[in-house]
Amino acid sequence: MKHLPRVLVVEDEPAIAELIAVNLRHGGFEVVLAQDSVTAQRELDAVLPDVILLDWMLPGQSGISLARQWRKHSRTKVIPILMLTARGDEPDKVAGLDAGADDYVTKPFSTQELLARIRAVLRRRTPESASDTVTVGQLVLDAATHRISYRQQNLKLGPTEFKLLHYLMKHAERVHSRSALLDKVWGDHVFIEERTVDVHVKRLREALGEAGAMVETVRGAGYRLTAQVVLSTGATHKTGTAQSQA
Ligand code: CA
């Protein structure tokens, strides 16, 4: 009795909603459709989904306002939210992330990308194991022994880069602003400039070598560690990570 991950799709455009539903079901998900905020709320009250796919432009209450609302409630705040947006503007993406969305997909999107992003948010939601080892793709960090390896090759990192990588790996696929990273990795050292983060990210990428591409710059928002290098850098750009999965 395998539990299929349940996706609540909040989308008012019937054709798009149907297209998403067909593809998600085919991809092994259970799909619940809601065409407006009222229906979405009713579905949430009934059964909590594993992930919410939320359209930005909805009649009545907008997707972004719904995201904010759900983030405030203890019952719904841990459910990953993926915003669907037709907007390509950077400030809108940042606004979506600020409202509590975990990620966003810009329309028109490929089904492959949508599925990959849903799987990514679900993976990241899996409870952290008791062990000190964190694994993202082929990157493995052992906090107890301070060892890092990529494809079984050991890597050498400075102490700050180690802490930074540890944090990014524990919260992979999520976008972190510079100020959030300063807060989480450096602590309350308010006198450190945000540019410091950029310097250490640069060093981290260099130290990681081939795996450095996993540390993505999200323009206008911050940084993210991702195992989905291919999707974010363009479908034709093959990386070591992608080839190793083939
Ligand atoms: Ca819409």
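Refer to the structure above for everything that follows.
Owing to the predicted nature of the structure, the values given are computational and were not obtained by experimental measurement. (Residues numbered from 1 in each chain as written. Predicted model: local features only at pLDDT ≥ 70, side-chain atom pairs only at ≥ 80, totals over all residues. Heavy atoms only, no water.)

Some words on the coordination of the calcium ion
Keep this limit in mind: With water omitted from the atoms examined, metal sites may look incomplete; donors here are N, O and S atoms no farther than 2.8 Å from the metal, or 3.2 Å in the case of Na, K and Ca. Burial status follows relative accessibility: with a 1.4 Å probe on protein chains alone, a residue under 20% of its type maximum counts as buried, one over 50% as exposed, and anything between as partly exposed.
The protein atoms that coordinate the calcium ion are D12 (OD), D55 (OD) and M57 (O), at distances spanning 2.1 to 2.3 Å. All donor residues of the calcium ion come from one chain, and their arrangement in sequence is D-x42-D-x1-M. Residue classification places M57 among the exposed residues on the basis of a relative accessible area of 51%.

Let's talk about the packing of helix α2 (residues 37-46) against helix α3 (residues 63-72)
This is how it is decided: To obtain an axis, a line is fitted to C-alpha atoms, over the contacting stretch when the element is a helix, and the angle between two such axes runs from 0 to 180 degrees between their N-to-C directions. Put simply, DSSP marks the helices as runs of H or I at least four residues long and the strands as runs of E at least two long, and each gets a number from the N terminus on. Should an angle fall under 35 degrees it is called roughly parallel, over 145 degrees roughly antiparallel, and 65 to 115 degrees roughly perpendicular, with every other angle called oblique. Left-handed describes a crossing whose near helix is turned anticlockwise from the far helix through less than a right angle; right-handed describes the clockwise counterpart. Here, residues are in contact when the closest pair of their heavy atoms is within 4.5 Å. Gly counts as polar in this scheme, as do all residues outside two lists: the nonpolar Ala, Val, Leu, Ile, Met, Phe, Trp, Tyr, Cys and Pro, and the charged Asp, Glu, Lys and Arg.
Where α2 contacts α3, the two axes come as close as 11 Å, and the packing angle between them is 25°. Taken as axis vectors, α2 and α3 run roughly parallel relative to one another. Crossing handedness for the pair α2 and α3: right-handed. Facing S37, A40, Q41 and L44 of α2, the residues of α3 in contact are L66, Q69 and W70. Taken together, the residues of the contact of α2 with α3 break down into four nonpolar, three polar and no charged.

Concerning the sheet that holds strand β8 (residues 147-150)
To keep things clear, this is the line we draw: The pairing criterion for strands is at least two bridges between them, as found by DSSP.
Overall, antiparallel pairing links the four strands, which are arranged β6-β7-β8-β9 in an open sheet. Two strands lie at the open edges of the sheet, namely β6 (133-136) and β9 (153-155), each paired on one side alone. The mean inter-strand angle of the sheet, taken between neighbouring strand axes irrespective of direction, is 25°. Where β8 meets β9, three bridges bridge the pair, whose relative direction is antiparallel. Each residue of the ladder has a partner; that of Y150, found in β9, is Q153. Its contacts with the sheet put helix α6 (residues 159-170) on β6, β7 (139-142) and β8, and the angle it makes with β7 is roughly 115°.

What to know about helix α1 (residues 14-26)
Our working definition: A helix is expected to span 1.5 Å multiplied by its residue count minus one. Of all possible arcs, the one meant is that of the directions from the helix axis to the C-beta atoms.
In this model, α1 (13 residues) spans 18 Å end to end at C-alpha, consistent with the 18 Å of a helix rising 1.5 Å per residue. Among the residues of α1, those classed as buried are A17, I20, A21 and L24. Looking straight down α1, one finds that the buried residues subtend no more than 100° of arc, so they occupy a single side. Away from its buried face by more than 90 degrees, α1 exposes A15, L19 and H26.

Some details on the pattern of salt bridges
Put simply, the rule reads: Counted as salt bridges are all cases of a side-chain nitrogen of Lys or Arg within 4 Å of a carboxyl oxygen of Asp or Glu.
The full count for this structure, using the stated rule, is 12 salt bridges. Salt-bridge contacts for R71 lead to D102; the nearest nitrogen and oxygen are separated by 2.7 Å. Linking R71 in helix α3 with D102 in the loop between α4 (90-98) and β5 (103-106), this pair joins segments that are 31 residues apart in sequence. When its relative accessible area of 5% is taken as the criterion, D102 is described as buried. Note that E216 is salt-bridged to R224, the shortest N-O span being 3.1 Å.

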